[in-house]
Amino acid sequence: MWKSFFVGLLSVFSNPVSSFSQEGIKNLKEDLFGNYNHDVLPKPEEGALDLKLGMALRSFNKIDQVEGTMEANIWLRHFWKDERLVWNPDDYNGVTEISCNTNNEYDRPIWTPDIYLYNTAEMPLSNLDTSNAIVYYTGDIIWSRPGMVTSSCIFDLSDFPYDIQDCYLKFGSWSYHGFIMNLTVHPSGIDTSNYKLNEEWNLENVFSERNVKIYGCCPEPYPSVFFRFILERKSGYYDLNIIIPTFATATLMIISMIIPWNSGERISFATTVMLSLIVFLLILSDSLPNTDQSPLLSE
């Protein structure tokens, strides 16, 4: 009997979340969500709800200059405060934080902001997970959503393949204007500490900014957050497979001058060289969109 008592006592002290804390979490959730409505925005008594957005960039899975899209693996982070989710840790066995559902299909969900990707190339944020949010006893909430997003990007290919592109992700609320929810950039901005290098592009710089716009439909201001990425193309593939072979083939045109003018081989040799250059242009056209731009490599 004494052995089982000491084993149970040891398990309580060795566990980060003891049985007392579990009991406190259970009682806390029953008290917090007794009259909680997840459909109601947690607006403070004065002013608008402050919502801050941050992002952790994991990788660029696909950057398609032909389609004009960019697919990124991100963690979209939301920071706000819900005054309805405030408690005294001393009343609940020292519990200072809890994990809460954000999916309305589950039990006891909390209110979450309706943030959309404005420059999306597919269903807005459909591939971001509705993960749990961390709620602190002060009412502060951190909600990090991992997943994939696909956005549109306008590529300037005038210096291709030595081009530098400026792409961005634009996030904003779809139904809450600035007088109700004040959307700003979190001080952490864009976190690149766990960024995985891309084989085709170098991530030169990242920065975030806030923008406010009044649309023609509505008189209220709608704030949005831009996460911008400065990308420089790695030109090694094009140097090795297109540029060097093209110049090497072009020098053969000079060699054709050595062949006597009255020789039939001179015409066939020059024609073969010209056809080779056309083949390189066809290969290049597969990597470029159908626009009227004149890339440096084509010239």
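The notes below deal with the structure included here. (Residues numbered from 1 in each chain as written. Predicted model: local features only at pLDDT ≥ 70, side-chain atom pairs only at ≥ 80, totals over all residues. Heavy atoms only, no water.)

Of all hydrophobic cores here, the largest spans 53 residues; its most connected members are I74, I110, F171 and F229. No other element matches the seven residues that strand β1 (residues 49-64) contributes to this core. When neighbours within four sequence positions are excluded, I110 is seen to be in contact with F33, Y36, H38, W80, L85, C100, N101, T102, A133, V135 and I141. (Core = buried A, V, L, I, M, F, W, Y, C linked by side-chain atoms within 4.5 Å. Buried < 20%, exposed > 50% of the residue type's maximum accessible area, 1.4 Å probe, protein only. Helix = DSSP H or I, 4+ residues; strand = E, 2+ residues; numbered from the N terminus. Contact = heavy atoms within 4.5 Å.)

It is worth spelling out the sheet that holds strand β10 (residues 222-233) at this point. Pairing between the strands of a sheet is mediated by backbone hydrogen bonds and can be parallel or antiparallel. If you walk across this open sheet you meet the four strands as β4-β7-β10-β9, and the pairing is antiparallel. Both edges of this open sheet fall to β4 (115-117) and β9 (201-213), since each of them pairs with a single strand only. Between one strand axis and the next, the sheet turns through 20° on average, direction left out of account. Relative to β10, strand β7 (residues 164-173) runs antiparallel, the two being bridged by nine bridges. For I164, the partnering residue across the bridge sits in β10 and is E232. (Pairing = 2+ DSSP bridges. Axes fitted to C-alpha atoms, helices over the stretch in contact; angles between N-to-C directions.)

Once that is clear, we can look at the sheet that holds strand β5 (residues 133-136). The sheet built from six strands is open, its strands ordered β3-β5-β6-β2-β1-β8 with mixed pairing. Two strands close off the open sheet at either side, each with one partner strand: β3 (97-100) and β8 (181-191). The sheet shows a mean angle of 30° between the axes of neighbouring strands, taken without regard to direction. For strand β2 (residues 69-81) and strand β6 (residues 140-152), the ladder comprises 13 bridges, and the chain directions are antiparallel. Following the sheet pairing, I74 is matched in β6 by G147.

Right, let's get into the packing of aromatic side chains. As enumerated under the stated definition, the model contains 13 aromatic pairs in all. Through a chain of ring-to-ring contacts, the aromatic side chains of W80, W111, W143 and Y176 assemble into a single cluster. (Phe/Tyr/Trp six-rings, centres within 6.5 Å; stacked < 30°, edge-to-face > 60°.)

Throughout the structure, instances matching the rule amount to one disulfide. The disulfide partner of C153 is C167, and the S-S distance across this bridge is 1.9 Å. In this structure the cystine formed by C153 and C167 twists about its S-S bond by roughly -75°; its chirality is therefore left-handed. Of the two residues, C153 sits in the loop between β6 and β7 while C167 sits in strand β7, which places them 14 residues apart along the sequence. Here C167 falls in the buried class, since its relative accessible area comes to 0%. (Disulfide = S-S within 2.5 Å.)

A few words on the environment of N132. Along the chain, N132 turns up in the loop between β4 and β5. Along the primary structure N132 and I142 are separated by ten residues, whereas in three dimensions their C-alpha atoms are 9.3 Å apart. Once you skip the residues sitting within four places of it in the chain, N132 turns out to touch S99, C100, N101, T102 and W143.

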